[in-house]
Amino acid sequence: MEFDIQETKLLKAKKRVRTLKKFYGSITRGSIAIILVAAINYYLDQWEHPWFLWVVFGVGLSVTIKAIRIFGFNFILGKDWEERKIREYMDNGKF
């Protein structure tokens, strides 16, 4: 029984590490894309029209949404809400 609990914890930890690795990879790829697009923007018109900021906005929004999912900043219907509802239904017998 103890072995099963440790194995479950290990599998959850490995899954979490893989998720974090993907997140950090997306931050790295996004940063490289921003630098590349900013360099192209500068090369073409010396930032007279800074259209690369649209890429910054898009990458920033994408990373923010991923961070909310990964780190659990979902205040409305997050993990805590699920656990509270499960406890509520189990305590009250509402099914």
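Scroll up to find the structure this text is about.
Now for a description of the structure that goes with this document. Remember, predicted model here, so these are calculated numbers, not experimental data. (Residues numbered from 1 in each chain as written. Predicted model: local features only at pLDDT ≥ 70, side-chain atom pairs only at ≥ 80, totals over all residues. Heavy atoms only, no water.)

**A few points about the side chain of Ser 26**
Relative to the assigned elements, Ser 26 resides in helix H1 (residues 2–45). A polar contact is formed between the side chain of Ser 26 and the backbone oxygen of Phe 23, at a distance of 2.7 Å. (Helix = DSSP H or I, 4+ residues; strand = E, 2+ residues; numbered from the N terminus. Polar contact = N/O pair within 3.5 Å; in protein donor to acceptor, adjacent residues only side chain to side chain.)

**Some remarks on the side chain of Asp 45**
Within the secondary structure layout, Asp 45 lies in helix H1. Lacking a salt bridge, the buried Asp 45 has Arg 29 as its closest oppositely charged neighbour, with an N-O distance of 26 Å. Within the structure, the side chain of Asp 45 is placed 2.9 Å from the side chain of Asn 41, a separation counted as a polar contact. Polar side-chain contacts of Asp 45 include one of 3.5 Å to the backbone nitrogen of His 49. (Buried < 20%, exposed > 50% of the residue type's maximum accessible area, 1.4 Å probe, protein only. Lys, Arg positive; Asp, Glu negative; His and termini not counted. Salt bridge = Lys/Arg side-chain N within 4 Å of Asp/Glu carboxyl O.)

**Quick notes on helix H2 (residues 52–71)**
Taking 1.5 Å as the rise per residue, H2 with 20 residues should run 28 Å; its terminal C-alpha atoms sit 28 Å apart, in good agreement. Those residues of H2 not exposed but buried are Phe 52, Val 59, Val 63, Ala 67 and Ile 70. Viewed end-on, H2 has its buried residues packed into an arc of 75°, placing them on one side of the element. Within H2, the exposed residues directed more than 90 degrees away from the buried face are Trp 54, Phe 57 and Arg 69. (Expected span 1.5 Å × (residues − 1). Arc of directions from axis to C-beta.)

**Quick word on unusual backbone geometry**
With a phi close to 45°, Gln 46 is a non-glycine residue in the positive phi region. Counting through the fold element by element, Gln 46 comes out in the loop between H1 and H2. Of note, the phi angle at Trp 47 is positive, near 60°, even though the residue is not glycine. Topologically, Trp 47 is positioned in the loop between H1 and H2.

**Brief notes about a positive patch on the surface**
Together, Lys 14, Lys 15, Arg 18 and Lys 22 line one region of the surface with positive charge. Within the secondary structure layout, Lys 22 lies in helix H1. Using a relative accessible area of 64% as the deciding quantity, one classes Lys 22 as exposed. (Patch = residues over 30% accessible without salt bridge, like charges linked within 9 Å, V, L, I, M, F, W, Y side chains within 5 Å. Areas by Shrake-Rupley, 256 points an atom, 1.4 Å probe, with all protein chains shown as cover. Charge placed at Lys NZ, Arg CZ, Asp CG, Glu CD.)

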